[in-house]
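Tertiary structure, described
In case you want the letters, here they are:
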Amino acid sequence: MPIIDEFLTSISNFLQKKDPLQLRLFLRVEPPLPDQFLQLSQELKAWYRDGSKLEAYITKLVPEADDGNTEVGGAWPGFHAFLQEYLEFWRDVNFGDLLETHTQLSNLANACITALSNATHGIVVLPATIQLCSTLARLAMMLDKRPDLTRKMVQIADVDQEARKTLVEGTAESIQRAFTMCLTERTANRNGIGRDGKPEGKKVGIYSFANMVLRLLFQCKKTRLANQMFTNISQNSPPLGLYPASQRVTYLYYLGRYHFSNSHFYFAAQSLQSAYDQCHAQCIKQRRSILIFLISANMILGRFPSRTFLVRPEAADVLDKFIPICNSIRKGNIIAFKKAVGPESGNEEWLFQQGVLLPLKSRCEVLVWRTFARRVFLLTYQFPSDPNSRRAPTLDLEDMVAAAQYCQKLLEGWARPVDSMTEMQAGRTHPNALFMKAPDLVPPPEGPKILGAQEGIVFGNTMPDLMEVEAIVASLVQQDLLHGFISHNQGKFAILGAKQRGGPLNAGFPPVWETLRARAEREVNNGEIPGWVQTERTGMMGGVVNLTGIARPVGSGE
Amino acid sequence: MSAAPASGATSAAKAITTDKNAEPTKDAKPAGALEEDDEFEDFPVENWTQEDTEVPGDNTHLWEESWDDDDTSEDFSAQLKEELKKVEASKKR
């Protein structure tokens, strides 16, 4: 008996028994595969070059379902079309030409997704669709890293003179169709949860497809296209907690990265923390990937990685990249900060490749200015001799300017002049030196080092002045990172509430995390992170939205 | 074919695999070798329990929220102090 007969009979059998897992086992395309697949391919090549002949044969061996009898399953037109596409794939495929294989696999996946769309029978091909799309996504990712293979495509696009979608983006779009199908399926229960407490019907596939699409969108750097997906998930998905751990963690990782790339660092940190906490303890690589963004988001929010991470294998080579930045912020050392995020640290390239350098540079600079102001205050403030003094503690902005200028000079390569007396004493300093003023810095003989825009204290070689420093302090006050007000006339920053809040340092320089968390929490409307469904949705599509308690008469005030 | 496809997964499977690997995936490294590990890998298992996620050691104190450093004896502070003294002196003048 030819293997194709055996194959089609088995398929028909699985359809009748409604066995999605056996179907998935038979409808594979990704090696390694049993040798029957090769035989199947050879038979198809030998006997079924003619598509219409193949079509007739499929229809004969895999009969359509009898709509009168719902107990026994069967094929449907969409499935027949898919099955023909599948057999033609095995007839024509040449794994030596991966670009062509991708096109064939794309067509096959599209046919499979169309088969999936059948409202009555489609569900039986869900596992097979996930499997096919997953293979397709992997192949697209692989091809994306092989410009030598995709060059041909680019040339064709050039001829077309139009902005063609990349292969990865096109693949994401195909798979997104399956995702939408699963997400928007009308289910018996409005919340999409079955009696067994699991997602109902095709909704079980939501996050499998979502994760594939997200991976592809991140690969082709079109993350903004994920926006609509997250909005739709927020509205229509059963809670994420009902899905398997691998899907939850992968999804939260991408959701976290999406929020990170949109500068929603609080949402990012929440999603990534949950991904990290739910990740399998032994999956070090995945934990490491999560950790890179988790640490970055937390640092921007004013939370630094603790010593706990020192013993964690996933943090082994990661922590070293971030610690110098944290230390520079702790001390308000702007020079060390510029070095930690610059080429001198040796980490710049790595941080850039990970996609965290620019947010860290721009966001943490705010934090280092806060501690810089705090440091200048610590060094200049004279605690009043009268404990009942009612004068507000102040920071003189001129002091800030002097300190900032000093840092700028050091960055430009200024140095103290060599003291010839000390030189002659073979490095021993005269005791009088203790009482002498340190000499002023002098510019390097070859002229100040030319600094890039972000390498200087404010902008390149611009020497910071009072106007700039006052603007920076005002901005910190506006962001609640400094607590007090500026007296422009006196050129001072005055701290408010020093008495009530346990001293000027606590009052004037509240912990960053407290401030930023409070601000972020005000922005979270219903306590849920956008894109992360934590509670059941009851007002589903097609359902009636209950407006009791929401609708108020016009003009009722609220 | 009706037998479990796991049986006899030898020669043909290899043939196909070899076909795919015959493409020079390994010898011609893509330009961005650095990009290699920035991808989130698939998990080897589909599901696991809460116990599987537990790592030894302290899990409650992952983040430092209060990290301001009041020590002004280190080098950077000493230099700034020196500089600020000069400003102080010029103010009095």
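Let us look at the structure shown here. (Residues numbered from 1 in each chain as written. Chains lettered and ligands numbered in written order. Predicted model: local features only at pLDDT ≥ 70, side-chain atom pairs only at ≥ 80, totals over all residues. Heavy atoms only, no water.)

1. A closer look at the overall build of chain A
Going by this rule: Here a strand is any run of E in DSSP of at least two residues, a helix any run of H or I of at least four, and the numbering for each starts at the N terminus. Throughout this description, buried means an accessible area under 20% of the type-specific maximum (1.4 Å probe, protein chains only), exposed means over 50%, and partly exposed covers the range between. Every residue pair with non-hydrogen atoms within 4.5 Å of one another is taken to be in contact. Shrake-Rupley sampling with a 1.4 Å probe provides the accessible areas, and residues are treated as covered by the protein chains on show and by no other component.
Scanning chain A for helices and strands turns up 23 helices and four strands. Here chain A, with 558 residues, has 53% of them falling under the buried criterion. Excluding contacts between residues fewer than 6 apart, the proportion of contacts in chain A whose partners are at least 24 apart in sequence is 71%. For chain A, the accessible area works out to roughly 26100 Å², and carbon and sulfur atoms hold 52% of it.

2. Things to note about the overall build of chain B
Along the backbone of chain B there are two helices and one strand. Ordering the α and β elements of chain B from the N terminus gives α-β-α. The proportion of buried residues among the 93 residues of chain B is 25%. Summing over all exposed atoms, chain B offers an accessible surface of approximately 6100 Å²; the carbon and sulfur share of this is 51%.

3. Regarding the pattern of salt bridges
For clarity, the cut-off: One speaks of a salt bridge when a side-chain nitrogen belonging to Lys or Arg is within 4 Å of a carboxyl oxygen belonging to Asp or Glu.
Scanning the entire structure with this criterion turns up 23 salt bridges over all chains. Lys86 of chain B is the partner of Glu83 of chain B in a salt bridge, and the nearest nitrogen-oxygen pair spans 3.3 Å. Of this pair, Glu83 of chain B and Lys86 of chain B both sit in helix H2 (residues 75-92), three residues apart, roughly one helical turn. Neither residue differs from the other here; Glu83 of chain B and Lys86 of chain B are each classed as buried. Ionic contacts of the salt-bridge type, sharing partners, join the residues Glu30, Arg138 and Arg215 of chain A together with Asp42 of chain B into one network.

4. Notes on the nonpolar core
The following threshold applies: Buried Ala, Val, Leu, Ile, Met, Phe, Trp, Tyr and Cys residues that are joined via side-chain atoms within 4.5 Å together make up what is termed a nonpolar core.
Trp90 and Phe372 of chain A are the most contacted members of the largest nonpolar core, which has 181 residues in total. Ranked by residue count, the leading element in this core is helix H18 (residues 357-380) of chain A, at 11 residues.

5. Description of the interface of chain A and chain B
For an interface, size is often stated in terms of accessible area lost upon the parts coming together. Applied cut-off: Once two parts are brought into contact, the accessible area they lose, counted with a 1.4 Å probe and summed over both, makes up the buried area. Whenever two N or O atoms come within 3.5 Å, that pair is a polar contact, provided that in protein one can donate a hydrogen and the other can accept it, and provided that, for residues adjacent in sequence, both atoms are side-chain atoms. For this classification, Asp, Glu, Lys and Arg are treated as charged, while Ala, Val, Leu, Ile, Met, Phe, Trp, Tyr, Cys and Pro are nonpolar and the rest, including Gly, are polar. One bridge is not enough; two strands pair if DSSP finds at least two bridges between them.
The partner chain B presents 62 residues to the 98 residues of chain A that form the contact. Summed over both partners, the interface of chain A with chain B buries about 7300 Å², with 59% contributed by carbon and sulfur atoms. Put simply, chain A and chain B have 12 salt bridges between them. At the junction of chain A with chain B, the criterion picks out 29 residue pairs in polar contact (both at pLDDT 80 or more). Residue composition of the side of chain A that touches chain B, grouped by class: 50 nonpolar, 22 polar and 26 charged. In the sheet, strand S1 (residues 304-305) of chain A pairs with strand S1 (residues 63-64) of chain B via two bridges, with the strands oriented antiparallel. Residue pairing across strands places Phe304 of chain A opposite Glu64 of chain B, the latter belonging to S1 of chain B.

6. Observations concerning helix H9 (residues 167-183) of chain A
Quick reminder of the rule: One fewer than the residue count of a helix, multiplied by 1.5 Å, yields its expected span.
For H9 of chain A, spanning 17 residues, the distance from its first C-alpha to its last is 24 Å, which sits close to the expected 24 Å at 1.5 Å a residue. Across the 17 residues of H9 of chain A, 12 count as buried, placing the element largely inside the fold.

7. A few points about the packing of aromatic side chains
Using the following cut-off: Any two of the Phe, Tyr and Trp rings considered here, Trp counted by its six-membered ring, make a pair once their centres fall within 6.5 Å; the pair's planes then place it as stacked at under 30 degrees, edge-to-face at over 60, or tilted in between. Remark: a charge is flagged as sitting over a ring if the NZ atom of Lys or the CZ atom of Arg is within 6 Å of the ring centre and within 35 degrees of the ring normal.
Within this structure, the stated rule accounts for 32 aromatic pairs over all chains. The interplanar angle of 40° and the centroid separation of 5.5 Å between the aromatic rings of Phe37 of chain A and Trp90 of chain A together place this pair among those described as tilted. Taken together, the positions of Phe37 of chain A in helix H3 (residues 36-47) and Trp90 of chain A in helix H5 (residues 77-92) put the pair 53 residues apart, joining distant regions of the chain. For Trp90 of chain A, a relative accessible area of 2% corresponds to the buried category. With a centroid separation of 4.9 Å and 70° between ring planes, the pair formed by Tyr381 of chain A and Phe383 of chain A is classed as edge-to-face. Residue class for Tyr381 of chain A comes out buried when judged on its relative accessible area of 18%. The rings of Phe218, Tyr253, Tyr254, Phe260, Phe265 and Phe293 of chain A together with Phe40, Phe43 and Trp48 of chain B are connected pair by pair, giving a single aromatic cluster. A cation over a ring is seen here: Arg287 of chain A above Tyr276 of chain A, with NZ or CZ 4.5 Å from the ring centre.

8. Remarks on the pairing of strand S3 (residues 484-487) of chain A
Residues and elements named next belong to chain A. For S3 and strand S4 (residues 492-495), the ladder comprises four bridges, and the chain directions are antiparallel. Residue pairing across strands places Gly484 opposite Ile495, the latter belonging to S4. Where S3 hands over to S4, the hairpin turn is made up of four residues, of which Gly491 adopts a positive phi near 65°.

9. Brief notes about unusual backbone geometry
Most peptide bonds are trans, and most residues other than glycine sit at a negative phi. Residues and elements named next belong to chain A. Note the cis peptide between Pro31 and Pro32, where omega equals 0°. Mapped onto the elements, Pro32 comes out in the loop between helix H2 (20-26) and H3. Of note in the backbone geometry, Lys18 takes a positive phi value of approximately 50° without being a glycine. Backbone geometry at Ser263 places phi at a positive 65°, although glycine is not the residue there. By the element assignment, Ser263 lies in the loop between helix H12 (245-261) and helix H13 (265-278). The class for Ser263 is partly exposed, based on a relative accessible area of 34%.

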